[in-house]
Amino acid sequence: RLVTVRNWLGGQPWFDTVEYRLVPPEGTLMHWSRYLDAAIGGLIVLFATFLPMESAEFLAVSVWPTFLVIALVCVIGFGTKRLFGPLAACGAMLFVLIWPFTSRFYFRPGQIDHHNVQVLMTIIMTLAVIWPRAHVRAGILAGFATSVALAVGLETLPYMLALGLLMFVRATFGLAPGADRRLVAYCTTLFVSAFLLWIGQTPTARLSFPVCDQLGLPVMQLVAIASAACLVPIVFGIRQKMLRLLVSVAIILAGCGLAWGSLSACLGGPYGSLPLDVQEIIRGSILEAKPAIAFAQSNTLQLIKMAVPVLAALIISFALWAGLPKATPAQVQTSDIVGQLLILNAVGLIAVFFQVRLLSTSAGAAPLLAGFALATLLGAYLKSRAPDDAAKLIGATVLILTPFVIETLARPLLPQLSQTSTTQDRNCRSADEIATLAVIDPSVVLSPTNLGPAILLETEHSVLSGPYHRNPAAFANGKIPFQLPEDRMQAYVRDIGAKHLVICRGSFYGEGYASELAKGVASSWLRPIQIEAVNVMLFEVLAAEPS
């Protein structure tokens, strides 16, 4: 992200999102949003008016996620207070400050990718959808938040579909007063704002491209189809529930049929158009993109800390919801809100079986359910002072707010996994380590995948590998050659035009020759270059001898 921000501040056009130093000379088209580049770049420019550029960058990448986490806590706190009261708000804010997705992963200083913005938008759109009053304003807010989330990334698309379906069902079957007005406001705002955001960051020449990993033509077609299916029955005054449902379904089927040419290209997911071997590399190397079952095989404790609080909030809230009284309108309203949150929270838990990072979509509902559950149990205990109510409160607090306790209890019960590979050269990615590569003139460098962005950021070199894009060569180059025997690795490295090779000392790259190089084995076609790094190893790729 910071590399793309620097490029833009350095004069690269707004609509030109190619990273020319990633697989040069053509470069790699990045799918990250220019809107976030503008926000972060704006902070850098502001701070650079009274600080050196390096300090301005450092301050900007610290301030941006800090601002987002303050907004996150405020939205959760005030929103939960209005819905369930101050005790629930305290529980919800505690959940946000402890749960890994909203504390360690996405909102720490330096985390400037798009996931923190998506989490904030997810919470805003959730509150707007379940808000029991101000239906038009709530619909407008939900529609705008959804469009912003779409503009910066598509990871939360399943959750957005669930939100839209929830509003559609409630409006179609008359399950809540004002549901029609909320749905009209939502669909209209979503379509208009998504369209404007789409054309605002996409060059005219690429508007017709069927891209599947960003806000592009297929997503806009889905938005248009869904908006038409929601609005047409309302505009034409269709009141009969089943007829209204049939009309909406017919519009969806007809719209999907007309747009099938571009929609079908995305059925395989964002990487469906890439070669199968590259897809396997992505699934195997991007840890957060793995399904929960595969993720748990080597990260069981991590999954426990991420999933147990969400699952506990769901189960405990469901048990409490089943026993809620419904004698007054206020009690009926509370039951309705909790019921919607239970549905939405389940979406994240289901999605985790496809990609573990999709558990972040539970951020919209899990904190509110956690606050509701803890406040309800605390209220019951304060009223009765009974030991069983105290036990329920303590148990819920442990499960929801202290996942490290569950981790500690579970650790001795889990098998100790043998270390078969390194965590993508973590010891070599520090700024000090990578900066030592500047000892040579700007070159074309081959490195393992996750070292590529660090080299782009800290040096003037070009790289042949890196993650988070749609260039199959950059994915393949960061994995395949490091698992080959020496003769095949030599041919591969020379074939892709690498002038230098970077690996991490002591790392394990599988059974390939790169693991031998990392141990210090000498090579006839690579010349070691002495640098002041502890872990980074730099080699010059020697020209092939004439045959």
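Described in the following lines is the structure provided in the data block. This is a predicted model, so every value here is computed, not measured. (Residues numbered from 1 in each chain as written. Predicted model: local features only at pLDDT ≥ 70, side-chain atom pairs only at ≥ 80, totals over all residues. Heavy atoms only, no water.)

A few words on the layout of surface pockets. Computed from the structure, the second largest pocket encloses a volume of approximately 590 Å³. Every residue lining the second largest pocket is counted, 23 residues in all, and those nearest its centre are Leu 161, Gly 164, Leu 165, Leu 222 and Ala 226. Going through the elements one at a time, helix 6 (135-152), helix 7 (157-172), helix 8 (179-201), helix 9 (217-235) and helix 10 (241-258) are the ones with two or more residues in the lining of the second largest pocket. Top element by residues in the lining of the second largest pocket is helix 9. It accounts for 8 residues. Partitioning the lining of the second largest pocket into residue classes produces 20 nonpolar, 3 polar and no charged. (1 Å grid on protein atoms, 1.4 Å probe; cavity = no way out; pocket = protein on both sides within 12 Å on 5 of 7 lines; lining within 4 Å. Points joined across faces, edges and corners; volume = space filled by probe spheres on them. Helix = DSSP H or I, 4+ residues; strand = E, 2+ residues; numbered from the N terminus. Nonpolar A, V, L, I, M, F, W, Y, C, P; charged D, E, K, R; others polar.)

Turning to empty space enclosed by the protein, a few remarks are in order. By the definition in use, this model includes 5 cavities of 30 Å³ or more. Approximately 140 Å³ is the volume attributed to the largest cavity. Gln 201, Thr 202, Pro 203, Arg 206 and Gln 214 are, among the 17 residues lining the largest cavity, the residues nearest its centre. Here the residues of the lining of the largest cavity are counted per class, giving 8 nonpolar, 6 polar and 3 charged. Roughly 70 Å³ of volume is contained in the second largest cavity. Lining the second largest cavity are Arg 1, Thr 4, Asn 7, Gln 12, Asp 16, Thr 17, Val 18, Glu 19, Met 30, Trp 32, Arg 34 and Asp 37.

So, on to the environment of Ala 543. Tracing the backbone through its elements, the reader meets Ala 543 in the segment after strand 7 (536-541). Distance in space between the C-alpha atoms of Ala 543 and Arg 34 is 40 Å, their sequence separation being 509 residues.

Further remarks concern the state of the cysteines. Inspection of the entire model under this criterion finds 2 disulfides. Note that Cys 212 is cross-linked by a disulfide to Cys 266, the S-S spacing being 2.0 Å. Judged by the torsion about the S-S bond (-80 degrees), the Cys 212/Cys 266 disulfide is left-handed. Residue Cys 212 is located in the loop between helix 8 and helix 9, and its partner Cys 266 is located in the loop between helix 11 (260-263) and helix 12 (276-285); the two are separated by 54 residues in the primary sequence. The residue that forms a disulfide with Cys 428 is Cys 504, at a sulfur-sulfur distance of 2.1 Å. Between Cys 428 and Cys 504 the sulfur-sulfur dihedral comes to about 90 degrees; the bridge is accordingly right-handed. Pair noted here: Cys 428 is in the loop between helix 17 (403-410) and helix 18 (431-435) and Cys 504 is in strand 5 (residues 500-504), with a separation of 76 residues, a long-range link. Neither Cys 428 nor Cys 504 differs from the other in exposure class; each is buried. Each disulfide in the chain links cysteines that, numbered along the sequence, combine into the pattern 1-2, 3-4. (Disulfide = S-S within 2.5 Å. Buried < 20%, exposed > 50% of the residue type's maximum accessible area, 1.4 Å probe, protein only.)

Let us look at the pattern of salt bridges. Inspection of the entire model under this criterion finds 9 salt bridges. We note a salt bridge from Arg 6 to Glu 57, for which the minimum N-O separation is 2.8 Å. Of this pair, Arg 6 sits in helix 1 (residues 2-9) while Glu 57 sits in helix 3 (residues 53-84), placing them 51 residues apart in sequence. Residue Arg 6 is classed as partly exposed on the basis of its relative accessible area of 32%. (Salt bridge = Lys/Arg side-chain N within 4 Å of Asp/Glu carboxyl O.)

With their axes 9 Å apart at the nearest point, helix 13 (residues 292-322) and helix 17 run at an angle of 140 degrees to one another. It follows that helix 13 is oblique to helix 17 by the angle criterion. Helix 17 is crossed by helix 13, and the crossing has right-handed handedness. Contacts between helix 13 and helix 17 involve Leu 301, Ile 304, Lys 305, Val 308 and Pro 309 from the former and Pro 403, Ile 406, Glu 407 and Ala 410 from the latter. Residues of the contact of helix 13 with helix 17, tallied by class, amount to 7 nonpolar, no polar and 2 charged. (Axes fitted to C-alpha atoms, helices over the stretch in contact; angles between N-to-C directions. Parallel < 35°, antiparallel > 145°, perpendicular 65-115°, else oblique. Left-handed = near helix turned anticlockwise from the far one by under 90°. Contact = heavy atoms within 4.5 Å.)

Moving on, we come to the sheet that holds strand 6 (residues 526-529). Taken in spatial order, the 5 strands make up an open sheet running 4-3-5-7-6, and their pairing is mixed. The strands lining the two open edges of the sheet, one partner per strand, are strand 4 (462-463) and strand 6. Sheet analysis places strand 3 (residues 444-446) next to strand 4, joined by 2 bridges and oriented parallel. Within the sheet, the bridge partner assigned to Val 444 lies in strand 4 and is Ser 462. (Pairing = 2+ DSSP bridges.)

This part covers the packing of aromatic side chains. Two numbers describe a pair of aromatic rings. These are the distance of the centres and the angle of the planes. In total, this model carries 14 aromatic pairs according to the counting rule given. On the numbers, 5.4 Å between centres and 50 degrees between planes, the contact of Phe 84 with Phe 372 is tilted. Pair noted here: Phe 84 is in helix 3 and Phe 372 is in helix 15 (residues 366-384), with a separation of 288 residues, a long-range link. Taking the relative accessible area as the measure of exposure, Phe 372 reaches 4% and is therefore buried. For the ring pair Trp 99 and Phe 101, a centre distance of 5.0 Å and an interplane angle of 50 degrees mean the geometry is tilted. Looking at Trp 99, the relative accessible area reads 1%, which means it is buried. Taken together through their ring pairs, the aromatic side chains of Phe 95, Trp 99, Phe 101, Phe 105 and Tyr 106 make up a single cluster. (Phe/Tyr/Trp six-rings, centres within 6.5 Å; stacked < 30°, edge-to-face > 60°.)

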